[in-house]
Amino acid sequence: MRKLYILLALLVAMMTIGEVYAQRSKANKRRRARTHRVTKQHRAKKSQRKRTVVMKPVDPRLNDPDYDPNIMCEDTCGHVHGIDLSHYQGQVFWETVGENTKMAYVYLKATEGGDRIDERYERNIELAHRYGLKVGSYHFFRPKTPLHQQLRNFMTQCLPGEQDLIPMIDIETTGGLPDREFRDSLFRFLGMVERAYRQQPLLYTFRNFYNKHLLGEIDDYKLMIAMYTEEEPVLADGRDITMWQYTSKGRIVGISGYVDKSRFMGRHGLRDIRFRH
């Protein structure tokens, strides 16, 4: 009889333990389900917040069926356009560039200072002529370098018989000189170039540089002004601008990297910068 009581007691204990485990298991399932729902909702909210942060407004031009992001200025206007190049552009596929009828001319870097010669100049000028572009050459002016040395350097490369366009002088630095000394050096050099080529050179500079250092000092020269905005450049003294370099990040088939693009202003055209032989 005593054994029977013991067996009954064990049976009751086992049933009680089983019920406790069952209740605990249910509680754990409910807790896991609740945790899963909360985590899922949190992730959904987090994902929604992340999507909201990275969303960008749609460019309204993309809704225009006629919008083409590859269209450049020269495709939409009647101005005469051209480019300028140096060794920085690397290899140029001139046969492809020559097929682009929107580009009428090219200015090639020939020299800089007293002894630097652009390593691609000779090849570029030969091929640019071969594929039909009007060609001019430019020199990067260094105000503190001896002027006769600079002129000699330029003349060894910029040969009159190879030029369709007047020489261009690139003026971008004062060399640390006071304005009066800088201008004195520049004007003497421009006079030397004019006597050597029997015509005034075209001057290239940035609008801000002109306004700060050359304002009212070079009225007799034709200007190519660099200013990379959508608005046409206007100089502080209101003087006439022959050409405008409107971008340094242009693209053209046949050149892998960026290229400087320019165009004539107003009624100006190639006749204004034609080399007189």
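For the structure itself, look to the data block above.
Residues numbered from 1 in each chain as written. Predicted model: local features only at pLDDT ≥ 70, side-chain atom pairs only at ≥ 80, totals over all residues. Heavy atoms only, no water.

(A) Looking closely at the layout of surface pockets. Considered as a void within the structure, the second largest pocket measures approximately 290 Å³ in volume. If you list the elements that add at least two residues to the lining of the second largest pocket, you get strand 1 (81-85), strand 2 (103-112), strand 4 (134-140), strand 5 (168-170), strand 6 (202-206) and strand 8 (243-252). Residues belonging to the lining of the second largest pocket are distributed by class as follows: eight nonpolar, four polar and six charged. (1 Å grid on protein atoms, 1.4 Å probe; cavity = no way out; pocket = protein on both sides within 12 Å on 5 of 7 lines; lining within 4 Å. Points joined across faces, edges and corners; volume = space filled by probe spheres on them. Helix = DSSP H or I, 4+ residues; strand = E, 2+ residues; numbered from the N terminus. Nonpolar A, V, L, I, M, F, W, Y, C, P; charged D, E, K, R; others polar.)

(B) Expanded view of the pattern of salt bridges. Scanning the model with the defined rule gives six salt bridges in all. For Arg 116, the salt bridge goes to Glu 112, with nearest N and O atoms at 3.3 Å. For Glu 112, a relative accessible area of 9% translates into the label buried. Taking the shortest distance from any N to any O, the salt bridge between Arg 130 and Glu 126 comes out at 2.9 Å. (Salt bridge = Lys/Arg side-chain N within 4 Å of Asp/Glu carboxyl O. Buried < 20%, exposed > 50% of the residue type's maximum accessible area, 1.4 Å probe, protein only.)

(C) Representation of the packing of helix 5 (residues 179-197) against helix 6 (residues 207-214) in the model. The geometry of helix 5 relative to helix 6 is characterised by a closest axis approach of 10 Å and an angle of 105° between their N-to-C directions. It follows that helix 5 is roughly perpendicular to helix 6 by the angle criterion. Along the contact surface, helix 5 presents Asp 179, Phe 182, Arg 183 and Leu 186, while helix 6 presents Phe 209, Lys 212, His 213 and Leu 214. Taken together, the residues of the contact of helix 5 with helix 6 sort by class into four nonpolar, one polar and three charged. (Axes fitted to C-alpha atoms, helices over the stretch in contact; angles between N-to-C directions. Parallel < 35°, antiparallel > 145°, perpendicular 65-115°, else oblique. Contact = heavy atoms within 4.5 Å.)

(D) Here's a closer look at the nonpolar core. The biggest cluster of nonpolar side chains holds 48 residues, and the ones touching the most others in it are Leu 85, Trp 94 and Val 106. When residues in this core are grouped by element, the largest group, seven residues, is from helix 5. Each residue touching Trp 94, except ones within four places of it in the same chain, is listed here: Leu 85, Val 106, Leu 108, Asn 124, Leu 127, Ala 128, Tyr 131 and Leu 133. Core analysis: the next-biggest nonpolar cluster, separate from the first, contains 13 residues, Tyr 107, Tyr 138, Tyr 204 and Met 224 among them. (Core = buried A, V, L, I, M, F, W, Y, C linked by side-chain atoms within 4.5 Å.)

(E) Spatial organisation of the environment of Gln 89. Within the secondary structure layout, Gln 89 lies in the loop between strand 1 and helix 2 (94-99). The spacing of Gln 89 and Val 259 is 170 residues in sequence and 7.1 Å in space, taken between C-alpha atoms. Among all residues touching Gln 89, those that are not within four sequence positions of it are Asp 84, Ile 255, Tyr 258 and Val 259. Separated by 2.9 Å, the side chain of Gln 89 and the backbone nitrogen of Ser 86 make a polar contact. (Polar contact = N/O pair within 3.5 Å; in protein donor to acceptor, adjacent residues only side chain to side chain.)

(F) Highlighting the packing of aromatic side chains. All told, the structure shown has eight aromatic pairs when counted by the stated rule. An angle of 85° between the planes, with centres 6.4 Å apart, marks the rings of Tyr 197 and Phe 275 as edge-to-face. With a gap of 78 residues between them, Tyr 197 in helix 5 and Phe 275 in the segment after strand 9 (255-264) connect regions that are remote in the sequence. Comparing Tyr 197 with Phe 275 shows no difference in burial state: the two are buried. (Phe/Tyr/Trp six-rings, centres within 6.5 Å; stacked < 30°, edge-to-face > 60°.)

(G) Expanded view of unusual backbone geometry. If you check the backbone angles, Arg 198 has positive phi at about 60° while not being a glycine. Inspection of the secondary structure puts Arg 198 in the loop between helix 5 and strand 6. Judged by relative accessible area, which is 74%, Arg 198 ranks as exposed.

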